[in-house]
Amino acid sequence: MRQNQFKAVILAAGKGTRLKSDLPKVLHPLFGKPLLVRVLDTLGLLSAEEACVIVGHGRDQVSETLDAYEAGYAVGTVVQEPQLGTGHALLQVRQKRADWQTFDGDVLILSGDVPLLEASTLQTMLQAHQAEKNDLTVLVATMDNPFGYGRVLIEGQSVVRVVEQKDATDTEKQVKTVNTGIYCLNWAKVSPLLEQLSSNNAQGEFYLTDVIALAVQAGYRVGLSHLDDPDEVLGVNARADLAQCHDVLNQRTLNRLMADGVTILHPASTFIGPEVKIGADSTVLPGCYLQGDISIGKRCTIGPHTTMSGSVEIADDVKVMQSAVRDSRIGAFSNIGPFAQLRDGVDISHHVNIGNFVEVKKTRIDHHTNAAHLTYLGDAELGADVNIGAGTITANYDPVRDIKERTVIADGAKIGSNSVLIAPVTVGENASVAAGSVITKNVKPWDLAIARGRQVDITGWVKRAKASTVEVKP
Ligand code: UD1
Ligand code: CA
């Protein structure tokens, strides 16, 4: 169902004192994405005309994040300086956005530090707000432990006001109906009330929550929208809240994946970000941390003890064991690990084996190629059916010019153990490099390159050395 036109405001100017951090609170990451970005993502699932983010503390950093964010809708900012409270934050929009003064639709108010909210909850709230013809709707939740949240005081069927934790009496503190800090309001009617707020309270701030009592006094229709799952509105005020949100978001994702046919053997030790997609009949073993724009195919086995981050694409029937994968692609039926690292634009085709203690960086590898042991492949291009012997190194770094050079190993080439390939260099098709070689020149197709000291055998030397009382030189 389409909503009437609405705009959104996201409060994100606060310092987040309780986090004791140099990073502005709303930029703290949750599964790799700043809290504020998670809120913007959720909003993107609705049809907001525009979002206005209130920035203040650390606003250069926050604005940088917003500039890099690709929203499907207009996202603007308004500066709040100094930060005198949530009510003062919203007042800035009224005072600084002349174009909003003529807006007569609804405005959704969100907090940049409430990252787990689901779009469906906002949708339900907007629908209730419009169906009940409310002037102001407050999203509320019932919490067993409401400590820290504003309590919603209700008389009869009607909301009277919201009292903050620090201003509440002992009786008010017993109230378990909490203000989630999320509202929907008729901008033309309710925003003028912001001018009447006072800072006469325990924190000396202009509370947005006081607008509720002002709206009731003005005779406006104030309604409540009840949220079933209070976890959705967990706010991040301290590090412990961040950990709690991480747990909730993780469990949500694991439940979704298991429902879709993925085996998660030990959920308590498995951490998967909400962006991760995994095909049916795949298994994630204990100790994995997967976060980012990750897509894993069917019948894969991931873990134990595997991390993935950035943008990762894994085809069907792949095994990744005890390894780290970042910004890479892995083709079908490939085996990675144990103890491998793939990073920064690795592109591996099907039926490839990358074994223990192999690091692969910015390298393309074609099908049926093996690098099974103790190897570094950086800035390289490997063809199909290549074998990389144990201990092979692509020496890709030129320290004089401070640049990385490329190594090309064509189809069918075999690189002997403990070889160093000094880039830029090409090993031709079906060529062989003898073990222990240091290759500085291109090797032609079908050639054997040997670049090491020749072996010399000295007959009977050991016997002579043992028999002698003085040192015997070879
Ligand atoms: C607020 C509510 C509380 C509610 C809770 C839900 C008020 C007064 N209290 O409390 O009733 O239960 O949220 O999570 O609104 N911010 C600004 N400018 C400021 C101050 C804050 O933009 O001057 C932003 C913060 O960055 C944050 C949001 O507003 O994103 C909420 O501020 P915060 O200080 O965390 O309010 P709470 O104490 O959590
Ligand atoms: Ca908060």
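Residues numbered from 1 in each chain as written. Chains lettered and ligands numbered in written order. Predicted model: local features only at pLDDT ≥ 70, side-chain atom pairs only at ≥ 80, totals over all residues. Heavy atoms only, no water.

**Q** What am I meant to see in the overall build of the chain here?
**A** Along the chain, the regular secondary structure elements total nine helices and 39 strands. Taken against the 2.2 N^0.38 rule, which gives 23 Å for 474 residues, the C-alpha radius of gyration of the chain at 31 Å runs more than 25% over that of a compact globule. Here the C-alpha coordinates of the chain stretch approximately 110 × 50 × 45 Å along the principal axes. Each of the 474 residues in the chain was classed as buried or not, and the buried ones make up 49%. Carbon together with sulfur atoms contributes 50% to the accessible area of the chain, which is approximately 22,400 Å² in total. Positive and negative charge centroids in the chain, built from 45 and 54 side chains respectively, lie 8 Å apart. (Helix = DSSP H or I, 4+ residues; strand = E, 2+ residues; numbered from the N terminus. Rg over C-alpha atoms; globule rule 2.2 N^0.38 Å. Buried < 20%, exposed > 50% of the residue type's maximum accessible area, 1.4 Å probe, protein only. Areas by Shrake-Rupley, 256 points an atom, 1.4 Å probe, with all protein chains shown as cover. Lys, Arg positive; Asp, Glu negative; His and termini not counted. Charge placed at Lys NZ, Arg CZ, Asp CG, Glu CD.)

**Q** Looking at this model, I keep getting lost on the pattern of salt bridges. Mind explaining?
**A** A side chain with one charge can pair with a side chain of the opposite charge if their charged atoms come near. Scanning the model with the defined rule gives 25 salt bridges in all. Of the charged contacts, one joins Lys33 and Asp41 as a salt bridge, the two residues approaching to 2.6 Å between their closest N and O atoms. You can call Asp41 partly exposed: its relative accessible area is 25%. Close ionic contact of Arg161 with Glu172 constitutes a salt bridge, the shortest N to O distance being 2.9 Å. Residue Arg161 is located in strand S9 (residues 158-163), and its partner Glu172 is located in helix H5 (residues 170-173); the two are separated by eleven residues in the primary sequence. For Glu172, a relative accessible area of 14% corresponds to the buried category. Each of the salt bridges in this network shares a partner with another, and the network as a whole consists of Lys7, Glu49, Glu50, Arg97 and Asp99. (Salt bridge = Lys/Arg side-chain N within 4 Å of Asp/Glu carboxyl O.)

**Q** What should I look at first to understand the packing of aromatic side chains in this one?
**A** Any two aromatic rings considered together are summarised by their centre-to-centre distance and by the angle between their planes. As enumerated under the stated definition, the model contains five aromatic pairs in all. Between the aromatic rings of Trp100 and Phe103, the centroid separation amounts to 6.3 Å while the plane-to-plane angle is 55°, which identifies the pairing as tilted. For the pair formed by Trp100 and Phe103, the shared burial category is buried. The rings of Phe31, Phe271 and Tyr289 are connected pair by pair, giving a single aromatic cluster. Stacked on the ring of Trp100, the Lys or Arg Lys7 has its end atom at 5.3 Å from the ring centre. The ring of Phe103 carries the charged tip of Lys7 above its face, separated from the ring centre by 4.8 Å. (Phe/Tyr/Trp six-rings, centres within 6.5 Å; stacked < 30°, edge-to-face > 60°. Lys NZ or Arg CZ within 6 Å of the ring centre and 35° of its normal.)

**Q** Before we go on, may I ask you to explain the coordination of the calcium ion (ligand 2) in this structure?
**A** Ideal geometry at a metal centre gives angles of 109.5 degrees when four donors are arranged tetrahedrally and 90 or 180 degrees when six donors are arranged octahedrally. Around the calcium ion (ligand 2), the donor atoms from the protein are Asp113 (OD) and Asn237 (OD1), and they sit 2.4 to 2.5 Å away. Taken together, the residues Asp113 in the loop between strand S6 (106-111) and helix H4 (119-131) and Asn237 in the loop between strand S11 (222-227) and helix H8 (239-259) connect sequence positions 124 residues apart. Both residues of the pair, Asp113 and Asn237, count as buried. (Donors = N, O, S within 2.8 Å, 3.2 Å for Na, K, Ca; no water.)

**Q** Help me understand the site of ligand 1, please; the structure alone is not making it clear to me.
**A** Near ligand 1 you find 23 residues, and of these Gln80, Gly85, Thr86, Glu164 and Asn179 are the closest. A distance of 3.1 Å separates an oxygen atom of ligand 1 from a polar side-chain atom of Lys25. Contact with the protein chains hides 91% of the accessible area of ligand 1, taken as 750 Å² for the molecule alone. Those elements giving two or more residues to the shell around ligand 1 turn out to be strand S1 (6-12), helix H3 (86-96) and strand S10 (177-186). (Near = heavy atom within 4 Å. Polar contact = N/O pair within 3.5 Å; in protein donor to acceptor, adjacent residues only side chain to side chain.)

**Q** Any chance you could explain the domain arrangement of the chain here in plain terms?
**A** Note on interface size: it is often stated as the accessible area lost on association of the parts. Looking at the assigned domains, one finds that the chain contains domain 1 (3-233) and domain 2 (259-449). One C-alpha centre belongs to domain 1, the other to domain 2, and the line joining them spans 46 Å. Residue-level contacts link four residues of domain 1 with seven residues of domain 2. Seen at the junction of domain 1 and domain 2, the total is two salt bridges. Here Glu275 ties to Arg38 by a salt bridge, and the two come within 2.8 Å at their closest N and O atoms. There are three residue pairs in polar contact (both at pLDDT 80 or more) connecting domain 1 and domain 2. (Domains from an automatic or database assignment. Contact = heavy atoms within 4.5 Å.)

**Q** Would you take a moment to explain the state of the cysteines for this structure?
**A** Simply put, the disulfide is a covalent bond whose two ends are the sulfur atoms of two cysteines. As enumerated under the stated definition, the model contains zero disulfides in all. In this model Cys300 remains outside any disulfide bridge; the closest cysteine sulfur is found in Cys288, 12 Å from its own. (Disulfide = S-S within 2.5 Å.)

**Q** What should I look at first to understand the environment of Gly112 in this one?
**A** You can see Gly112 is positioned in the loop between S6 and H4. Separated by 120 residues in the primary sequence, Gly112 and Glu232 place their C-alpha atoms 13 Å from one another. Dropping the residues within four chain positions of it, Gly112 is found in contact with Ile10, Leu11, Val26, Leu35, Leu36 and Val39.

**Q** For this particular structure, what's the right way to read the side chain of Lys7?
**A** Mapped onto the secondary structure, Lys7 falls in strand S1. Separated by 3.4 Å, the side chains of Lys7 and Glu49 make a polar contact. Excluding residues that lie within four positions of it along the chain, Lys7 makes contacts with Glu49, Glu50, Trp100, Phe103, Asp106, Val107 and Leu108.

**Q** What's the story with the environment of Tyr69 in this structure? I'm lost.
**A** Among the structural elements, Tyr69 can be located in the loop between helix H2 (59-68) and strand S5 (74-79). In this structure Tyr69 comes out as buried when scored by relative accessible area, which is 19%. If near-sequence neighbours (up to four positions away) are discounted, Tyr69 is found in contact with Val37, Leu40 and Asp41.

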